[in-house]
Amino acid sequence: MIDYSNKIFEVMDSVHHIIAKEMAIPITYDKHDGSHSIFIQPVSDNLLEVLSKGQTRTYTILISYELNTGGNYTENTFKQVANVAEHIKRLFAPDNNANNDTTWHGGEVESIEYERDEEDESKVRALLTFNCTNLEAL
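Described in the following lines is the structure provided in the data block. Just so it is clear, the structure is predicted and the values come from calculations on it, not from any experiment. (Residues numbered from 1 in each chain as written. Predicted model: local features only at pLDDT ≥ 70, side-chain atom pairs only at ≥ 80, totals over all residues. Heavy atoms only, no water.)

**With respect to the sheet that holds strand 2 (residues 36-51)**
Piece 1. Reading across from one edge, 1-2-3-5-4 is the order of the 5 strands in this open sheet, with mixed pairing throughout. Of all strands in the sheet, those with a lone pairing partner are strand 1 (27-28) and strand 4 (105-116), marking the two edges.
Piece 2. Summarising the sheet, strand 2 and strand 3 (residues 54-68) pair through 14 bridges and their orientation is antiparallel. Residue pairing across strands places N46 opposite T58, the latter belonging to strand 3.
Piece 3. Contacts from helix 2 (residues 75-91) reach strand 2, strand 3, strand 4 and strand 5 (123-137) within the one sheet, and its direction differs from that of strand 4 by about 170 degrees. (Pairing = 2+ DSSP bridges. Helix = DSSP H or I, 4+ residues; strand = E, 2+ residues; numbered from the N terminus. Contact = heavy atoms within 4.5 Å. Axes fitted to C-alpha atoms, helices over the stretch in contact; angles between N-to-C directions.)

As structure tokens, this is what we get:
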């Protein structure tokens with residue numbers, strides 16, 4: 001039987017835990033919910049290097065914050081979405097100790113994109129791309 005562990009879910013769970021300790025916003029793995037929420041989903045799992053006793057992989061996770069504005073899109077609406085995105089980005093900054101208890105390293109928010117839902121313009125999102133590296137011993 002092959003011995004393995006679900007590393008990408010472990011990374012997602014760590015990201016969830018770090019954000020939940022800092023912010024009182026509902027966090028889900030399946031969809032946005034309520035007037036505002038964070039949705040975490042896996043994007044990719046890439047092999048960087050094969051070693052004699054393990055491998056190095058990079059994981060990419062999408063962290064999406066959504067705010068339902070009720071139809072009122074204002075400067076303050078964007079400011080609220082941007083504040084949450086900046087807060088999450090700062091949680092994963094290299095000089096922050098929030099991710100010291102993780103198995104991965106080099107975790108950072110690589111980019112943030114802002115969008116309004118095309119079908120429902122009352123929904124505004126910040127899409128954060130999180131990357132990290134993990135050395136997996138065999």
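**Some words on the environment of S5**
Piece 1. Position of S5 among the secondary structure elements: in the segment before helix 1 (7-22).
Piece 2. With a relative accessible area of 36%, S5 lands in the partly exposed category.
Piece 3. C-alpha separation for the pair S5 and E136, spaced 131 residues apart in sequence, amounts to 9.9 Å. (Buried < 20%, exposed > 50% of the residue type's maximum accessible area, 1.4 Å probe, protein only.)

**Let's talk about the pattern of salt bridges**
Piece 1. Scanning the model with the defined rule gives 7 salt bridges in all.
Piece 2. Among the salt bridges present, the one from K7 reaches E10, with a minimum N-O distance of 3.6 Å. Placement of the pair is K7 and E10 together in helix 1, with a separation of 3 residues, close to one helical turn.
Piece 3. Among the residues examined, E10 registers a relative accessible area of 31% and is labelled partly exposed. (Salt bridge = Lys/Arg side-chain N within 4 Å of Asp/Glu carboxyl O.)

**Some details on the packing of aromatic side chains**
Piece 1. What the rule picks out here adds up to 5 aromatic pairs.
Piece 2. Arranged with centres 4.8 Å apart and planes meeting at 55 degrees, the rings of F92 and F130 form a pair that is tilted. Of the two residues, F92 sits in the loop between helix 2 and strand 4 while F130 sits in strand 5, which places them 38 residues apart along the sequence. The pair F92 / F130 is uniform in exposure class, with both members buried. (Phe/Tyr/Trp six-rings, centres within 6.5 Å; stacked < 30°, edge-to-face > 60°.)

**Description of the packing of helix 1 against helix 2**
Each pair of packed helices can be summarised by the angle the axes make with each other and by the distance between the axes.
Piece 1. Contact pair helix 1 / helix 2: the axes reach a minimum separation of 10 Å and the direction vectors enclose 120 degrees. Accordingly, the angle class assigned to the pair helix 1 and helix 2 is oblique. Seen along the crossing, helix 1 lies across helix 2 with a hand that is right-handed. For the pair helix 1 and helix 2, contact is made by I18, I19 and E22 and by H87, I88 and L91, respectively.
Piece 2. Each residue belonging to the contact of helix 1 with helix 2 can be placed in one class, and the counts come to 4 nonpolar, 1 polar and 1 charged. (Parallel < 35°, antiparallel > 145°, perpendicular 65-115°, else oblique. Left-handed = near helix turned anticlockwise from the far one by under 90°. Nonpolar A, V, L, I, M, F, W, Y, C, P; charged D, E, K, R; others polar.)

**Looking at helix 2**
Piece 1. Relative to the 24 Å expected for 17 residues at 1.5 Å per residue, helix 2 spans 24 Å between its end C-alpha atoms, a close match to the ideal helical length.
Piece 2. Those residues of helix 2 that fall on the buried side of the exposure criterion are T77, V81, A82, V84, A85, I88 and L91.
Piece 3. Buried positions along helix 2 lie against helix 1, strand 2, strand 3, strand 4 and strand 5.
Piece 4. A side-chain oxygen of the first residue of helix 2 lies 3.3 Å from the backbone nitrogen of N76; this N-cap is T74. (Expected span 1.5 Å × (residues − 1). Polar contact = N/O pair within 3.5 Å; in protein donor to acceptor, adjacent residues only side chain to side chain.)

**As for the nonpolar core**
Piece 1. With 29 residues, the main nonpolar core has I19, I38, I63, I88, F92 and F130 as its most contacted residues.
Piece 2. Elements with a contribution of two residues or more to this core: helix 1, strand 2, strand 3, helix 2 and strand 5.
Piece 3. At 6 residues, helix 1 tops the list of elements feeding residues into this core.
Piece 4. Those residues within four positions of F130 in sequence are excluded, and the remaining contacts are V11, V15, Y59, T60, I61, I63, F92, W104, G107, E108 and V109. (Core = buried A, V, L, I, M, F, W, Y, C linked by side-chain atoms within 4.5 Å.)

From the geometry alone we can't say anything about function, so treat these as descriptive.
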